[in-house]
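# Report on the structure
For reference, the chains in residue letters:
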Amino acid sequence: MSTVIIDKIKKEIAGLDTSSMPEEVGIVTTVGDGIAEIDGLKEAQMMEMVVFDDGDGKSLEDTISSDDALYGLILNLEEDVVKVVVLGESTRVKEGMRVLRTEKLLSIPVGEDIIGRVVSPLGEMIDGKGAIKTDKDMPIERVAYGVMERSGVNYPVHTGIKAIDSMIPIGRGQRELIIGDRQTGKTTVAIDTIINQKYEPKDSRPICIYVAIGQKRSKTASLMAKLEEAGAMEYTTIVATSASEASPMLFLAPFAGMAIGEYFMQQGKDVVIVLDDLSKHANAYRQMSLLLRRPPGREAYPGDIFYLHSRLLERSAKLSKELGGGSITALPIIETQEGDVSAYIPTNVISITDGQIFLDTDLFNKGIRPALDVGISVSRVGSSAQTKAMKKVAGKIRLELAQFRELEAFMQFASDLDDDTKARIDSGKKYVELLKQGQNAPVPFYKQVVAIYAANNGIFDAAPVENTRKIEQTYLEFIERDRKDILDGIETGRELTDEIVEKLNKSIKDYKDAHKNNYEVVE
Ligand code: ATP
Ligand code: MG
């Protein structure tokens, strides 16, 4: 347990009037599987911390003061008993032991210093770099902000992924689900989004929080290495739990992540939080609930799983100006089984979020990566947060891809196509190519705008489909080297002014002139 919290509890307990103790003391009646059932504690609250008195004759105050004090978390309030999960070595808990209320809800220590660190859901630093200096903590559960305290989503979170930023734009304060079968690139989309924030101006760059829920330790470690290599740990916190941990830890992880996010949001800052993933979270909650002997419901999940996830995601918000205008953008991840989005947990989370990015196994295997299924991916609030520049160029992509999908189905049967149809198919294929992107290589929005504008204005026209990505790359290199003012203009102005359009048209012409004869062999 974090020392900050323990110190705080010690202080609070020191002033307690022990004559009122009977209300505050319970007795362990049964214990097992890390869960203790306690008689008494009539006034206890949900998510409150309790401390176990190991009966060595010490006073309660001394018990709490001891360094190895053992804490529990109240998760069930029943008529005669409360059930707590033991946060620590549960073998130390014995029947007949006394238990003391702390009147404090589970909290996590937070501060500026938490950025760049790896923490457990209980706020312990687990990266071996010592505790953080702070005296502030945040409860890991709190009621979400109400409608009057919020404002509209109007500023983008750029993911750096062309297919998303152009067609499924995400706004700051939005909840966008990333959903797909296993190994379809879900985590990669989220990590690339975090990496892409390095292109945002420092003063408005979102703070990122990655919550690993029951992921393999090795996966989380390599993910952190990637973030470090990209320079993204400078603005990122990782809340880590692994598959080998007890289910309550996995259950607490996203709530702890949200609490950290809220700390920054309340200071008027923007936060992006990735919850990887809520399927594992639901499983952990199911397991924990069975141990707590809560009745199972649909697909054996406890009946309040929907409420659990909605109250978690509801905390993602864009705050009003009066409250500082901060935001939390949530990117929960859900793993589906064989693309089945109609299973219980996927439908729940789809209905709670403001849209979904659907990743498809077939597309992934065909080499279309990111494997985004454009047909069923949506963002319900994002387009109001898209930059004007992006809005101007993005419309055409959607149209081209939609036409292409229709023609593609029909293509297999037609042997003899007219020239117009052939041209459309060719163009559609090039857009598909344009939207392919390697992992951990997010593209800042101003470069995306330039590339898409060039595609819309015929830069690929004379070239074979196979050369699309190479042309895009060499064209962007040329712009960066010789026409940097175009990129700067879009980055700062976020608009395609007539002046920029003129420069873009000229750059396309110049590029094409320079490559007139070697479209086949663009090196
Ligand atoms: P899991 O279900 O195991 O959590 P996931 O859906 O999160 O998987 P990732 O781990 O992101 O998927 O990616 C799966 C594999 O695909 C990884 O080996 C990753 O390197 C690769 N991959 C992901 N995105 C791309 C991409 N755009 N280009 C090439 N390879 C990619
Ligand atoms: Mg993953």
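The preceding data block contains the structure.
Scope of this entry: the structure provided in the associated data block. Keep in mind it's a predicted model, so treat the numbers as computed, not measured.

## Some words on the site of ligand 1
- Around ligand 1, the structure places 16 residues, and the nearest of them are Lys186, Thr187, Thr188, Lys219 and Gln439.
- For ligand 1, whose accessible area on its own is 620 Å², the fraction buried by protein is 79%.
- In this structure the site holding ligand 1 corresponds to the largest pocket.
- The biggest single contributor to the shell around ligand 1 is helix α5 (residues 186-196), with three residues.
- Partitioning the shell around ligand 1 into residue classes produces two nonpolar, eight polar and six charged.

## Some thoughts on the sheet that holds strand β3 (residues 48-53)
- Reading around the circumference, β1-β2-β5-β4-β3-β6 is the order of the six strands in this closed barrel, with antiparallel pairing throughout. Strand-to-strand twist in this sheet, taken as the mean axis angle between neighbours without regard to direction, amounts to 45 degrees.
- Relative to strand β5 (residues 81-87), strand β2 (residues 35-40) is paired through five bridges, and the arrangement is antiparallel. Paired with Ala36 across the bridge in β5 is Val84.

## Re the packing of aromatic side chains
- One pass over the full model with this rule turns up eight aromatic pairs.
- Aromatic pair Phe251 and Phe255: ring centres 5.6 Å apart, planes at 50 degrees, arrangement tilted. One end of the pair, Phe251, and the other, Phe255, are both in helix α7 (residues 247-265), four residues apart, so they sit about a helical turn from each other.
- Phe251 sits in the buried class, given a relative accessible area of 3%.
- Residue class for Phe255 comes out buried when judged on its relative accessible area of 1%.

Definitions and cut-offs
- Residues numbered from 1 in each chain as written.
- Chains lettered and ligands numbered in written order.
- Predicted model: local features only at pLDDT ≥ 70, side-chain atom pairs only at ≥ 80, totals over all residues.
- Heavy atoms only, no water.
- Near = heavy atom within 4 Å.
- Areas by Shrake-Rupley, 256 points an atom, 1.4 Å probe, with all protein chains shown as cover.
- 1 Å grid on protein atoms, 1.4 Å probe; cavity = no way out; pocket = protein on both sides within 12 Å on 5 of 7 lines; lining within 4 Å.
- Sits in = over half its atoms within 2 Å of the grid points.
- Helix = DSSP H or I, 4+ residues; strand = E, 2+ residues; numbered from the N terminus.
- Nonpolar A, V, L, I, M, F, W, Y, C, P; charged D, E, K, R; others polar.
- Pairing = 2+ DSSP bridges.
- Axes fitted to C-alpha atoms, helices over the stretch in contact; angles between N-to-C directions.
- Phe/Tyr/Trp six-rings, centres within 6.5 Å; stacked < 30°, edge-to-face > 60°.
- Buried < 20%, exposed > 50% of the residue type's maximum accessible area, 1.4 Å probe, protein only.

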